[in-house]
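# Coordinate inspection notes
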Amino acid sequence: MSYEPFTRIGVVGGGTMGQGIAEMLAAAGLEVVLLEKTEAKLEDAIRRIELSLDKQIEKWGITWAEKKLILARIEKGVSMQSELEDCQLIIETIDEDLEAKLELFRELDAACPESVILASNTSTLSLTELAGATRSPHRIIGLHFVHPAARIDIVEIVRGLKTSDATYERTRSFVEETIRKKGVMVYESPGFVTTRLICVLINEAMHTLSEHVATAEDIDAAMRIGYHFQYGPLELADRFGLDAVLASMERLFREFGDLKYRPHHLLRQMVRAGHMGVKTGVGFFRYDEEGDRLP
C-alpha cells in the first residue's frame, strides 16, 4: 500500500538530537517546525544548525545557496497548539525524563488531529508507557535516530504494544522512501538494538581506561582504526553527552538487572564534575565551541 508522503514535520526539542534531525529533514526538502520552550533556546538551536552547515560548506559538502534553503525550511515555534496543527508527523526529542515525556505526549495528543503520527526519539524508555498517556495509543511509535542524524543512515522504528500496522507502515514509508534511510524494525525492549549494544561497549572502554590498559586516545584509536568506527567509544560518549549515557545505562541496569549495564564509577564522577562531553567542552577529550576535538 502506498501512502501520501509527509511534507511537514514537527520536531519538539532543540537539543543535540533535535538540531540534527531538523537539519536532516530540511536538507531532504521537508518543511520543519522546530519547537522549544523559549525563544533563547530556539535561537541557540538555530545557531548550532548554522554552525553545522558552515562546516559542510568548508568541506565543499553543500553550497551557500543550499544552506539558505535548508534554514528557510526550518520554522521556529514555541506554541504547540498553533505551530504543529499542519504537521503530519511529530518527532519528540526532549531529555530522557519519563515524566516530562509523558506530559508532552498528553499535550501532543490533545493538540494534534487524530491523523498525526506521534513519534519519540527515546533510546531507553517504554513506547507502550508513553502511549498509555494518550487517548490514541495506536499512533505512537519510536523513531530512534543515531547521532549524528544527518550522516548516519539508520533509524530504529520501534513498535509499542498498541502501535497500529498503519502507523508502522506509514512511518516505515517515510523513513525509507522520503528521507532515504534504512529502517530497522524493533519490538519494544530497553535500549532497542543500538543503545543496548553501544552502552556495553562504552562501559567496557571505561573499565579498560580505569585499569590503565591504554590511554583514552589509544583505546579510541584501536576501535576507530581497527574496526572502522567513525568515533571511538569514549569520544562517542562525549558526543552523546555523558549525562545522557549515564541515564541510559542506569535505565538498562534497572530494567535488566544485569551487571554488564551497571555504569562505571568513572562515568558518575565525570557527570558530577560537570564534564558532560561536547556540550560542556570537556569529557574524555576536550572540544571547541563548534564541537571539534582539541589537540
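Heads up: the structure comes first, above all this text.
We now turn to the structure provided with this report. (Residues numbered from 1 in each chain as written. Predicted model: local features only at pLDDT ≥ 70, side-chain atom pairs only at ≥ 80, totals over all residues. Heavy atoms only, no water.)

With that settled, the discussion passes to the environment of lysine 181. Mapped onto the fold, lysine 181 is located in the loop between helix H7 (165–178) and strand E8 (182–187). Beyond its immediate stretch of four places on either side in the chain, lysine 181 contacts Met24, Phe145, Ala149, Ala150, Ile152, Asp153, Ile154, Val155, Val175 and Glu176. (Helix = DSSP H or I, 4+ residues; strand = E, 2+ residues; numbered from the N terminus. Contact = heavy atoms within 4.5 Å.)

Now for the packing of helix H11 (residues 242–256) against helix H12 (residues 265–272). At a minimum axis distance of 9 Å, the contact between H11 and H12 shows a crossing angle of 135°. Considered as vectors, H11 and H12 are oriented oblique to each other. The way H11 lies across H12 gives a crossing that is left-handed. In this structure, H11 uses Leu242, Asp243, Val245, Leu246, Met249 and Glu250 to contact H12, whose residues at the interface are Leu267, Arg268, Met270 and Val271. Along the lines of polarity and charge, the residues of the contact of H11 with H12 split into seven nonpolar, no polar and three charged. (Axes fitted to C-alpha atoms, helices over the stretch in contact; angles between N-to-C directions. Parallel < 35°, antiparallel > 145°, perpendicular 65-115°, else oblique. Left-handed = near helix turned anticlockwise from the far one by under 90°. Nonpolar A, V, L, I, M, F, W, Y, C, P; charged D, E, K, R; others polar.)

In this section: the packing of aromatic side chains. Using the criterion set out here, one finds two aromatic pairs in the structure. With centroids separated by 5.6 Å and ring planes inclined at 45°, the aromatic side chains of phenylalanine 6 and phenylalanine 174 adopt a geometry described as tilted. Taken together, the positions of phenylalanine 6 in the segment before strand E1 (8–12) and phenylalanine 174 in helix H7 put the pair 168 residues apart, joining distant regions of the chain. For phenylalanine 174, a relative accessible area of 2% gives the class buried. Stacked on the ring of phenylalanine 285, the Lys or Arg arginine 293 has its end atom at 3.8 Å from the ring centre. (Phe/Tyr/Trp six-rings, centres within 6.5 Å; stacked < 30°, edge-to-face > 60°. Buried < 20%, exposed > 50% of the residue type's maximum accessible area, 1.4 Å probe, protein only. Lys NZ or Arg CZ within 6 Å of the ring centre and 35° of its normal.)

Next up on the list: the pattern of salt bridges. For the structure shown, the criterion picks out 24 salt bridges. We note a salt bridge from aspartate 292 to lysine 55, for which the minimum N-O separation is 3.1 Å. With a gap of 237 residues between them, aspartate 292 in the segment after H12 and lysine 55 in helix H2 (residues 39–58) connect regions that are remote in the sequence. By relative accessible area, which is 32% here, aspartate 292 ends up partly exposed. One salt-bridge network, held together by shared partners, links Asp44, Arg47, Arg48 and Glu289. (Salt bridge = Lys/Arg side-chain N within 4 Å of Asp/Glu carboxyl O.)

End to end, H7 covers 19 Å across 14 residues, agreeing with the expected 20 Å (1.5 Å per residue, within 8%). Every buried residue of H7 is accounted for by Thr167, Tyr168, Thr171, Ser173, Phe174 and Val175. Downstream of H7 by a residue or two, arginine 180 has a phi angle that is positive, lying close to 60°. (Expected span 1.5 Å × (residues − 1).)

Let's shift gears to the pairing of strand E2 (residues 31–35). Burial analysis of E2 places four of its five residues in the buried class, which makes it a mostly covered element. Sheet analysis places E1 next to E2, joined by five bridges and oriented parallel. Bridge pairing in E2 links arginine 8 to glutamate 31. In terms of handedness, the path from E1 via helix H1 (residues 16–27) over to E2 forms a crossover that is right-handed. Sheet topology places E2 next to strand E3 (residues 74–77); four bridges connect them, and they run parallel. (Pairing = 2+ DSSP bridges. Right-handed = clockwise from strand over helix to strand, strands pointing away.)

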